[in-house]
Amino acid sequence: MSSLSRELVFLILQFLDEEKFKETVHKLEKESGFFFNMRYFEDAVTNGEWDEVEKYLSGFTKVDDNRYSMKIFFEIRKQKYLEALDKQDNAKAVEILVKDLKVFSTFNEDLFKEITFLLTLGNFRENEQLSKYGDTKSARAIMLVELKKLIEANPLFRDKLQFPSLKNSRLRTLINQSLNWQHQLCKNPKPNPDIKTLFVDHTCGQPNGARAPSPVTNPLMSSMPKLFQAAPAPLTTSLGGWMAANPSSVPHQPVTAGPIGLTAPNNAASMLKRPRTPPTNNPAMDYQTADSEHALKRTRPFGISEEVNNLPVNILPVTYPGQSHAHTLYSSDDLPKMVVANLNQGSAVKSMDFHPVQQTLLLVGTNIGDIALWEVGGRERLAVRNFKLWELGSCSMTLQASLANEYTASVNRVIWSPDGSLFGVAYSKHIVQIYSYSGGDDIRNHLEIDAHVGNVSDLAFSHPNNKLCFITCGEDKAIKVWDATTGSKQYTFEGHEAPVYSVCPHYKENIQFIFSTAIDGKIKAWLYDNVGSRVDYDAPGHSCTTMAYSADGTRLFSCGTSKDGGESYIVEWNESEGALKRAYHGLGKRSHGVVQFDTTKNRFLAAGDEFVIKFWDMDNVNLLTTTDAEGGLPASPCIRFNKEGILLAVSTSENGVKILANADGVRVLRTIENRPLDASRVASGTVAKAPIIGTFSASSSAVGTSIGVADRNAPVTAMVALNGDSRSLPDVKPRITDELDKSKIWKLTEINDPSQLRSLKLPDSLLSVRIIRLIYTNSGGAVLALAYNAVHKLWKWQRSERNVTGKATTSVPPQLWQPSSGILMTNDISETNLEDAVPCFALSKNDSYVMSASGGKISLFNMMTFKTMTTFMPPPPAATFLAFHPQDNNIIAIGMEDSTIQIYNVRVDEVKSKLKGHQKRVTGLAFSNVRNVLVSSGADAQLCVWSTDGWEKQTSKFLQMPAGRAPAPHGQTSVQFHQDQIHVLVVHETQLAIYEAPKLECIKQWFPRESSGSITDATYSCDSQSIYASHEDGSVCVLTSVALRLRCRINPTSYLPSNPSSRVHPLVIAAHPSGTYPVCLGTY
């Protein structure tokens, strides 16, 4: 069947579903074998419709197709058998044994005998392996977890579990387009044609009875099908199917019909779990949200799906029905083409990379081995390091001999780690150096490795097995993987016949792999094992190529230049078919060098070529636009977008860097230029940020929901531009001269008037009660709040022309979102006194579910449907704080009312450890995946550090209270790790303090002025450079995170109603997870 015919089947499936032909839909799914509806399958299993379950499966696989299929059918038939035994229906059990289970005896005779033996028992639970078998409902739920893993790991189901993303009623739209076209061909078209049938071509009646020519036979259309035949020739090896082609090499434990058991085994098949497919704008469409509602709809014990890794660039946040992803909202005006800064580097730029969090921080490497760190907003070079070996004596004799002749090396690649705490430098001579970065000019030597013989061509970070590593390749034709913490070598991949030019690590379906390219145009793919290359094929034109994924990880591109003829190619790959999906036009021929490219916004491609920057829309092969950046570019400039795509760094022919920006980039840079400075920033080079905050009340009542949002990175002095107000505001940024006493540079900014910031009241149609907990979703497009009455509220921002990113903003009001069912996420409070409860919640990393409690049982909610998937741990004691383990979402740390901390494994429904060290209830928990510790805080004003390896207590300390102050008997103490995962922000009503883990050395304390009242909450900014603290008097203070120096105070008169109740003040505060976005407040 052709690809167009296959797509037509999907259109028919969508039509049948929209018209509610449910039985026909599933019959077509089965008969075509194109789409396996996991939701329908799960419902059938849950309802025990075993005949329909196997009938539906038969359209996709048979018992003996492979080991996964065999295991799937075995689990289903075993469950049928056990249910018959449980009902004491031995006749039915014997029938199932003979007709359904006997087929497996040829593969495991002992197992079949053991199953048969169950007939002789009065209760099959007497069998040790079945002793934990519960009721039928829970057993089916447990089995479903295992079946879903097996189906998703089964190569026969590859590309059949996700329905294509279609607009609503796509088939009807196509028919309407056809009718419109037919109507245009009418000789005398009527203004309001009456179309009564689709069986014949439409034509408007002619005065003389003539009929318009049929569009079907119209010669103008005879060539149309050729448009669909011009598909590129497929490659010899499938790019997307290389893991399925050799299942024996896939690194997961064989799935066999082993010992009888019902709890889903913790095998590596679960690592092949497909990422959750974001739903489209049709909430009723089963296909496009097939696994969203049921992914975690299980009775305990259940397992929370692994969320791939900690690479923020690859994490795909869950979106919500109605949230558009329309690419048409982007235009070429969104591209950064305006030159806003020139940086004089001093030597030829070879590689650049923007910081993943601090979006205006640029790392540059040059041809003489220099690396420089620039704050592009202030045109300031924060730090410079010249090429130097840290320990020459430990290097190989080959390298020492090479450096004896010429003690210099060119930088081939500079790159930040995913969280920006490390960066790596690959040199043209053997060496890779890894630096640690803690902000400002604080760059420290971390690792130096003699990685390859000769040139080290490329360097990239990855997270195999949840461990931060870096990958190198080089002239010695090898690819190597190194532990980023210890520097120990983890893997060596050999197989290229020419020097390796680039590496591109990625994950697909939770499988980690690496693409590598060599200078002879060969491309290979490797798993993190020692089996060897899984793919071997040629790049277009046998070109020296680099590969890159779009930011969302769904589209793969490559760009390269061939040695012979200098032809350059930029292409997109179709991974599933192993073919070139499209080749982009517009690259010129080259006499030397390799063209460099980059991607941004999941929408645009850019390449430095022929002394200009060329841009393409990813969905159009023709050149979109170009810019020469006001001239001065080399033939093949080095280019790099920042993460948000609002800035573009371009190397110049005069040993410099030009910074190009779009409108958003210009705004961000202007806010940085106008920031107030403090002494610590000038002394250290740290880029100070002066965020401001606004709030909005959801109710005019004294006790109301109030959530505040204002542009966080916008300084007070720059609010003229931000507010669109032409009035002149006082410039509080002092001039800096060499003679100026640096201790007097800093100046406190007071915000008193609403004109000095932008704020927005979040709409709230629900009962207005005070907000107790508040958090941004990890995607940054929504705010989740937990109210005093145990109800969760979710505000989300839609993509629109006014808000093309779909992120939180004060410019556009969000929607108080609810599913079509109208249900609310409400915690269990059946036996709870709300006045005594300590509400708490934790959000999963991909925003798909939230775990929450309000003094009663802990609830797990599906963020897409708001449905309660399970509840557990009824009080007493009640949960008072929740935190997910950073490497394993099935492990949760739960702070309790009785002062203990319970380490709970969700998958097996078991408390693994119970930590005792506090004297009062636990009020804060924070994990560090760098120190491998858990830091806890309590109402006793005590901090404890626990090892996450064995959960032993390492140390504890009580807060140092200010003179004359004693901690409140039930006071809150919270903890949050800095981005470096070493320093801990401790928030107490009396103070803010910075401690260093794991020894809990107090680095700095800050005490608020007495007139401000107690501190109600505080949080780090997304880049950990600032701290926002809210107070009882309604004020919000902004402090530097290093020195805890007060930079800005936002007084309540600037964001609260003109005559607010004396009780109105912020209770909680949340910072946006990325970019130049607002801060959020929840008030009493």
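So, here is what we can say about the structure in this document. (Residues numbered from 1 in each chain as written. Predicted model: local features only at pLDDT ≥ 70, side-chain atom pairs only at ≥ 80, totals over all residues. Heavy atoms only, no water.)

**Digging into the sheet that holds strand S27 (residues 647–651)**
Judged by pairing direction, the sheet is antiparallel, and its four strands sit side by side in the order S1-S28-S27-S26 without closing on themselves. Bordering the open sheet on either side are strand S1 (338–344) and strand S26 (639–641), each of which pairs with just one other strand. Averaged over neighbouring strand pairs, the angle between their axes works out to 20° when direction is ignored. Looking at chain direction, S1 and strand S28 (residues 656–661) are connected through six bridges and run antiparallel. Within the sheet, the bridge partner assigned to Leu343 lies in S28 and is Val657. (Pairing = 2+ DSSP bridges. Helix = DSSP H or I, 4+ residues; strand = E, 2+ residues; numbered from the N terminus. Axes fitted to C-alpha atoms, helices over the stretch in contact; angles between N-to-C directions.)

**Considering the pattern of salt bridges**
Inspection of the entire model under this criterion finds 30 salt bridges. Glu152 serves as the salt-bridge partner of Lys148, at 3.1 Å between the closest nitrogen and oxygen. Highlighted residues: Lys148 and Glu152, both in helix H8 (residues 136–153), separated by four residues, approximately one helical turn. The buried category is assigned to Lys148, whose relative accessible area is 4%. Each of Arg555, Glu572, Arg582, Arg603, Asp617 and Asp619 takes part in salt bridges that share partners, so that together they form one network. (Salt bridge = Lys/Arg side-chain N within 4 Å of Asp/Glu carboxyl O. Buried < 20%, exposed > 50% of the residue type's maximum accessible area, 1.4 Å probe, protein only.)

**Observations regarding the packing of helix H5 (residues 67–86) against helix H6 (residues 90–101)**
Helices that pack against each other are described as a pair by the angle of their axes relative to one another and the distance between those axes. Viewed as axis vectors pointing N to C, H5 and H6 meet at an angle of 165°, and their least axial separation amounts to 8 Å. Judged on the interaxial angle alone, H6 and H5 are roughly antiparallel. In this structure, the crossing between H5 and H6 has a hand that is left-handed. Contact residues: H5 offers Phe74, Arg77, Lys78, Lys80, Tyr81, Ala84 and Leu85, while H6 offers Asn90, Lys92, Ala93, Ile96, Leu97, Asp100 and Leu101. Within the contact of H5 with H6, the residues separate by chemical class into eight nonpolar, one polar and five charged. (Parallel < 35°, antiparallel > 145°, perpendicular 65-115°, else oblique. Left-handed = near helix turned anticlockwise from the far one by under 90°. Contact = heavy atoms within 4.5 Å. Nonpolar A, V, L, I, M, F, W, Y, C, P; charged D, E, K, R; others polar.)

**Examining the nonpolar core**
In a soluble, globular protein the nonpolar side chains are often hidden away together inside. By size, the foremost hydrophobic cluster in this structure holds 43 residues, and its most contacted members are Phe36, Phe41, Leu57, Tyr81 and Leu101. Contributing elements (two or more residues each) for this core: helix H3 (38–46), helix H4 (50–57), H5, H6, helix H7 (109–117) and H8. Counting residues per element, this core draws most heavily on H5, which supplies ten residues. Beyond its immediate chain neighbours, meaning those up to four positions away, Phe41 contacts Phe36, Val53, Leu57, Ile76, Leu147 and Ile151. (Core = buried A, V, L, I, M, F, W, Y, C linked by side-chain atoms within 4.5 Å.)

**So, the environment of Glu567**
By secondary structure assignment, the location of Glu567 is in the loop between strand S19 (556–561) and strand S20 (568–574). On the basis of relative accessibility, which here comes to 31%, the residue Glu567 falls in the partly exposed class. Sequence separation between Glu567 and Gly588 is 21 residues, and the spatial gap between their C-alpha atoms is 7.0 Å. Residues within four places of Glu567 in sequence aside, it is in contact with Gly560, Thr561, Ser562 and Lys589.

Everything listed is a geometric property; what it means functionally is a separate question.
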